[in-house]
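Residue-level listing of the chains:
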Number of protein chains: 2
Amino acid sequence: MNNQNLGKPYIIRLSEYKNALVRFKTLGFVKVFSDNLADSVGVTSVQVRKDFSLFGISGNRRGGYLVEELIEKLNDILGKNETQKVILVGAGHLGTALMKYKGLEKEGIKIVACFDIDPSKINKKADPPILPFEELIEFIRKNGIKIGIISVPENAAQEVAEKMMSAGVKGILNFAPIKLRGIEDCIISYVNIELELENLVYFVNAMQKSKKNKGGSK
Amino acid sequence: MNNQNLGKPYIIRLSEYKNALVRFKTLGFVKVFSDNLADSVGVTSVQVRKDFSLFGISGNRRGGYLVEELIEKLNDILGKNETQKVILVGAGHLGTALMKYKGLEKEGIKIVACFDIDPSKINKKADPPILPFEELIEFIRKNGIKIGIISVPENAAQEVAEKMMSAGVKGILNFAPIKLRGIEDCIISYVNIELELENLVYFVNAMQKSKKNKGGSK
DNA sequence: TAGATTGTTAATCGATTAACAATC
DNA sequence: TAGATTGTTAATCGATTAACAATC
């Protein structure tokens, strides 16, 4: 995804290192080398050490890093000490998939409520509850929500974003395939599945062509 | 999604320009300026012209670009002249959302079949049909499929990828939150929702902190 | 001690932006 | 012609990589 999103690629990598470390820990590892992390995340070991040095994380020369300690430090940097409460707008197919997805909770991210304009989708007893769109602003204010996910159709996304921002949301993850106009102090991030596929199509085609032109040599 | 994906960020942008142009066209535009495209995609107009020049696309000095013609050229570059047939493995919540999603067809991308190991999910009459996982390799070979989407749990993703590649798939879009070991002539792309959210959490936290430290000034 | 690994400084690479020339 | 816009060359910026010093 490349992509089109927030700068600072090393933050994404820190999350990836952290996830790899958690897997290493379940395997019983006590220490790791930058090489292990590099392999697991698909970067070079220099990259790993460089990223760590950016945040003052140091290991033991010759002895690698202590898994437990490193996870702790990374969680601290990434702000993962407390569960992040996020809201979701749009209870369509994708929204439902996100609500049902267990992977988020594992990362300390909890969808605390979903909102939709379709009255037939409202279900206040569900977990997370699906509430009427009109209650969005009040809910955000009351619960101090800082992060929202948008999974509504393209033509509704901008309005949803504006309501979120007006109520105090500071970070939006937008699945609608459209650029949102934001305000200065809100960070907007995108996941655009069409775009990812189109990109893949282009590179697959390009590869096939270049192979043909080279007359079948690799 | 920043990020973690294929290089060449301008290809993603070309898709974005193309999408914007399609919208302009429905609004009745006959020509556009690089400034219009820049605004709509969220880049500068120099970026737009630079990207075009990379592919030998030129407009009319003083007169902008003809919408129709530009769409044509971009579609040509992006390989969008014929419908792209892709397959999907994993008919869980996310997989189902992808099958139901109309946005792909609009972009000339068609999920022609889905595969799952759970017998209760098989439905050969559905559109797209949901077939047994054992039929994956044969289907790919018979239909010359080049692109596959993986939406299975983390621990199954590598096996699925290997089966796909062995049958001739050259591009994979992976939704499982794990790095896949690939082969030389297959391009692997990632969409990782947890990672996007964790990234957002970090930057929202960072912003809040920096605001506090500056004593409330913007 | 020698070897393996970390951590940092400098070089390289690629992408974006600035400056400006071309021209309708 | 003057003004607006395109298109290109050069400068800048940031991220990655190479080289190497430090040290357990």
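This report concerns the structure included in the present document. These figures come from a predicted structure and were not determined experimentally.

A few words now on the protein's contact with DNA strand D. In the vicinity of DNA strand D, 17 residues are found, and the nearest of them are Ser34, Ser58, Gly59, Arg61 and Tyr65 of chain B. In the environment of DNA strand D, a base nitrogen lies 2.8 Å from a nitrogen or oxygen atom belonging to the side chain of arginine 61 of chain A. Looking at the surface near DNA strand D, the elements with two or more residues in it are α3 (45-54) of chain A together with α3 (45-54) of chain B. Examining the composition of the surface near DNA strand D, we find that 3 residues originate from one element, α3 of chain B, more than from any other. Taken together, the residues of the surface near DNA strand D break down into 2 nonpolar, 7 polar and 8 charged.

A few words on the relation of the copies chain B and chain A. Superposing chain B onto chain A takes a rotation of 180° combined with a translation of 0.0 Å along the rotation axis, leaving an RMSD of 0.0 Å. Taken together, the turn and the small shift mark the pair as related by a two-fold rotation axis. Interface overlap between copies is the fraction of interface residues in one copy that are interface residues in the other; for chain B against chain A it reaches 100%, indicating a shared surface.

A separate point is the protein's contact with DNA strand C. The full set close to DNA strand C counts 19 residues, and Ser34, Ser58, Gly59, Arg61 and Tyr65 of chain A are the nearest of them. Restricting attention to atoms of DNA strand C within 4 Å of the protein, one finds that 63% of them are sugar or phosphate atoms. A distance of 2.6 Å separates a phosphate oxygen of DNA strand C from a polar atom in the backbone of glycine 59 of chain A. Arginine 13 of chain B places a side-chain nitrogen or oxygen 3.0 Å from a phosphate oxygen of DNA strand C. Listed by contribution, the elements that provide at least two residues to the surface near DNA strand C are α3 of chain A together with α1 (9-26) and α3 of chain B. Considering each element in turn, the surface near DNA strand C owes the most residues, 4 residues, to α3 of chain A. In terms of residue class, the surface near DNA strand C is built from 4 nonpolar, 7 polar and 8 charged.

Per the counting criterion, the structure on display carries 27 salt bridges over all chains. Ionic pairing is found between glutamate 107 of chain A and lysine 18 of chain A, a salt bridge with its closest N-O pair at 2.6 Å. Note that glutamate 107 of chain A is positioned in the loop between α6 (103-106) and β4 (109-116) and lysine 18 of chain A in helix α1 (residues 9-26), a separation of 89 residues in sequence. Residue classification places glutamate 107 of chain A among the buried residues on the basis of a relative accessible area of 10%. A relative accessible area of 3% means that lysine 18 of chain A is categorised as buried. Here aspartate 127 of chain A makes a salt bridge to lysine 110 of chain A, at a shortest N to O gap of 3.4 Å. Of this pair, aspartate 127 of chain A sits in the loop between β4 and β5 (130-132) while lysine 110 of chain A sits in strand β4; the two residues are 17 residues apart in sequence, bridging distant segments of the chain. Overall, lysine 110 of chain A belongs to the partly exposed group, its relative accessible area being 24%. Several salt bridges share partner residues, and in doing so they unite Lys18, Lys80 and Glu107 of chain A together with Glu198 of chain B into one network.

Further remarks concern unusual backbone geometry. Residue and element names in this part refer to chain A. For the peptide bond that leads from aspartate 127 to proline 128, omega is -5°, which places it in the cis range. With respect to the element layout, proline 128 can be found in the loop between β4 and β5. Not every positive phi belongs to a glycine, and arginine 62 is a case in point at roughly 80°. Of note, arginine 62 is situated in the loop between α3 and β2 (65-66).

Analysis parameters
- Residues numbered from 1 in each chain as written.
- Chains lettered and ligands numbered in written order.
- Predicted model: local features only at pLDDT ≥ 70, side-chain atom pairs only at ≥ 80, totals over all residues.
- Heavy atoms only, no water.
- Near = heavy atom within 4 Å.
- Polar contact = N/O pair within 3.5 Å; in protein donor to acceptor, adjacent residues only side chain to side chain.
- Helix = DSSP H or I, 4+ residues; strand = E, 2+ residues; numbered from the N terminus.
- Nonpolar A, V, L, I, M, F, W, Y, C, P; charged D, E, K, R; others polar.
- Least-squares fit on C-alpha atoms with pLDDT ≥ 70 in both.
- Contact = heavy atoms within 4.5 Å.
- Salt bridge = Lys/Arg side-chain N within 4 Å of Asp/Glu carboxyl O.
- Buried < 20%, exposed > 50% of the residue type's maximum accessible area, 1.4 Å probe, protein only.

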